[in-house]
Each structure stands twice: as structure tokens, then as C-alpha cells.
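# A closer look at the structure
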Amino acid sequence: MRPSLSAPAAMNDKTPKLAELTDRVLFGDLWQRPDLSLRDRSLITVAALIAQSRLEQLPFHLALAKEHGVREEELAEVVTHLAFYAGWPAAASALTRLEP
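- In the nomenclature of an unreviewed UniProt entry, the protein is known as Carboxymuconolactone decarboxylase family protein of Chimaeribacter californicus.

What follows is the structure in C-alpha cells.
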């Protein structure tokens, strides 16, 4: 199943209000603003997750980035670039989430 701009099922089941806000505000408003493309928003989100070592969210957003036109090679380059800005451990941990 491909990720879409909506809250994951587990969020709907466990925290319905958070799922509603995710769908309405995050994905329904913020992600739809015209000054950045979905592709750019995906790259920014992936970079922020890597920098903060938020690995639980990374698979969803890596798949979403690909859906928005980001290539595997570009994602690998983001990881490499962030090793010097977010730290080597953050980049090495993110590397394990990239597809082979």
C-alpha cells in the first residue's frame, strides 16, 4: 500500500483527534500551501526526521518522498549530506531505512 497524505490507520484507531488534526491541518492545509511543491516538502520532512533521529516516521516519509518524485539516489545524497550537519550517527541510522 502506498502512503498518502492522511493519518496512518493506527493513529485513527488510537488517537482519533490527532488523526483528524493530521488530516485537516498538517496534510490538508500545510502540505497543500502553494509556495513549496510536495516534492520539496517531502525532502524537507525527510531531512528534519533524519536530523532529529525520528526513525519511526522515516519509512512513511521516505515512501511519500518517492511518491512525490524524489529518487533513491537523491535520498541517499540527503543522508550523506546530513552526516556533516546532523551528525554521523543520525545519518548512519537513517541509512538503515533506505531501500537496498
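### Points about the pattern of salt bridges
- Under the defined criterion, the tally for this structure stands at 6 salt bridges.
- Where Arg 39 meets Glu 74, a salt bridge forms, and the shortest distance between an N and an O atom there is 2.4 Å. Taken together, the residues Arg 39 in helix 3 (residues 38-51) and Glu 74 in helix 5 (residues 72-83) connect sequence positions 35 residues apart.
- Classification of Glu 74 by relative accessible area gives partly exposed; the value is 21%.
- Of the charged contacts in the structure, one is a salt bridge between Glu 74 and Arg 71, with a shortest N-O distance of 3.7 Å.
- A relative accessible area of 47% means that Arg 71 is categorised as partly exposed.
- Several salt bridges converge on common partners, so that one network encompasses Arg 39, Arg 71, Glu 73 and Glu 74.

### Remarks on the nonpolar core
- In this structure, Val 46, Ile 50, Leu 58, Leu 62, Leu 75 and Val 79 are the most contacted members of the largest nonpolar core, which totals 16 residues.
- Elements represented by at least two residues in this core include exactly helix 3, helix 4 (58-67), helix 5 and helix 6 (88-95).
- In terms of residue count, the dominant contributor to this core is helix 5 (5 residues).
- Here Leu 62 is in contact with Val 46, Leu 75, Arg 97 and Leu 98, once residues within four sequence places are set aside.

### Structural notes on a nonpolar patch on the surface
- A surface patch of nonpolar side chains, about 490 Å² in accessible area, is lined by Phe 84, Tyr 85 and Trp 88.
- The residue Tyr 85 is located in the loop between helix 5 and helix 6 in this model.

### Section: the packing of helix 3 against helix 4
- Interaxial distance between helix 3 and helix 4 falls to 9 Å at its minimum, and their mutual angle equals 155°. In terms of their interaxial angle, helix 3 and helix 4 are classed as roughly antiparallel. Crossing hand, helix 3 versus helix 4: left-handed. Contact with helix 3, carried on its side by Ser 42, Thr 45, Val 46, Leu 49 and Ile 50, involves Leu 58, His 61, Leu 62, Leu 64 and Ala 65 of helix 4 and no other residues of that element.
- Partitioned by chemical class, the residues of the contact of helix 3 with helix 4 number 7 nonpolar, 3 polar and no charged.

### Some details on the UniProt feature "domain: Carboxymuconolactone decarboxylase-like" (unreviewed entry) in the protein
- Residues given the UniProt feature "domain: Carboxymuconolactone decarboxylase-like" (unreviewed entry) here are residues 16-96.
- Secondary structure content for residues 16-96 is 69% helix and 0% strand, and the end C-alpha separation is 31 Å.

### Examining helix 4
- Along helix 4, the residues that are buried comprise Leu 58, His 61, Leu 62, Leu 64 and Ala 65. Angular distribution of buried residues about the axis of helix 4 spans 165°; they occupy a single face of the element.

### As for the environment of Arg 71
- Counting through the fold element by element, Arg 71 comes out in the loop between helix 4 and helix 5.
- Considering only alpha carbons, one finds Arg 71 and Met 11, 60 residues apart in sequence, at a separation of 28 Å.

What counts, and at which threshold
Sequence order as written defines residue numbering, which begins from 1 separately in each chain. Residue-level local features of this predicted model are given only where pLDDT is at least 70; pairs of side-chain atoms are given and counted only at 80 or more, and the full residue set underlies all totals for whole chains, interfaces and linings. Water and hydrogen atoms were dropped before computing side-chain values, which therefore reflect all heavy atoms in the structure. Salt bridges are identified by distance alone: a Lys or Arg side-chain nitrogen within 4 Å of an Asp or Glu carboxyl oxygen. Numbered from the N terminus, helices here are DSSP runs of H or I no shorter than four residues, and strands are runs of E no shorter than two. Here's how the labels work: a residue is buried when its accessible area is under 20% of the maximum for its type, exposed when over 50%, partly exposed in between, all with a 1.4 Å probe on protein chains only. By nonpolar core is meant a set of buried Ala, Val, Leu, Ile, Met, Phe, Trp, Tyr and Cys residues that side-chain atoms within 4.5 Å join together. Note on definitions: a residue-residue contact is assigned when non-hydrogen atoms from the two residues lie within 4.5 Å. Patch membership requires over 30% relative accessible area and the absence of a salt bridge. Like charges are linked within 9 Å, and nonpolar side chains (Val, Leu, Ile, Met, Phe, Trp, Tyr) within 5 Å. Working definition of accessibility: Shrake-Rupley area with a 1.4 Å probe, residue cover restricted to the visible protein chains. Axis geometry follows a simple rule: fit a line to the C-alpha atoms, using only the stretch in contact for helices, then measure angles between N-to-C directions, giving values from 0 to 180 degrees. Relative orientations are named as follows: roughly parallel for angles under 35 degrees, roughly antiparallel for angles over 145 degrees, roughly perpendicular for angles from 65 to 115 degrees, and oblique for any other angle. In this scheme the crossing of two helices becomes right-handed for a clockwise turn of the near helix relative to the far one and left-handed for an anticlockwise turn of less than a right angle. Charged residues are taken to be Asp, Glu, Lys and Arg, nonpolar residues to be Ala, Val, Leu, Ile, Met, Phe, Trp, Tyr, Cys and Pro, and polar residues to be all remaining types, Gly included. UniProt positions are given in the numbering used here, feature names are shortened, and annotations may be inferred rather than shown by experiment. Throughout, the arc means the angular range of directions from the helix axis out to the C-beta atoms.

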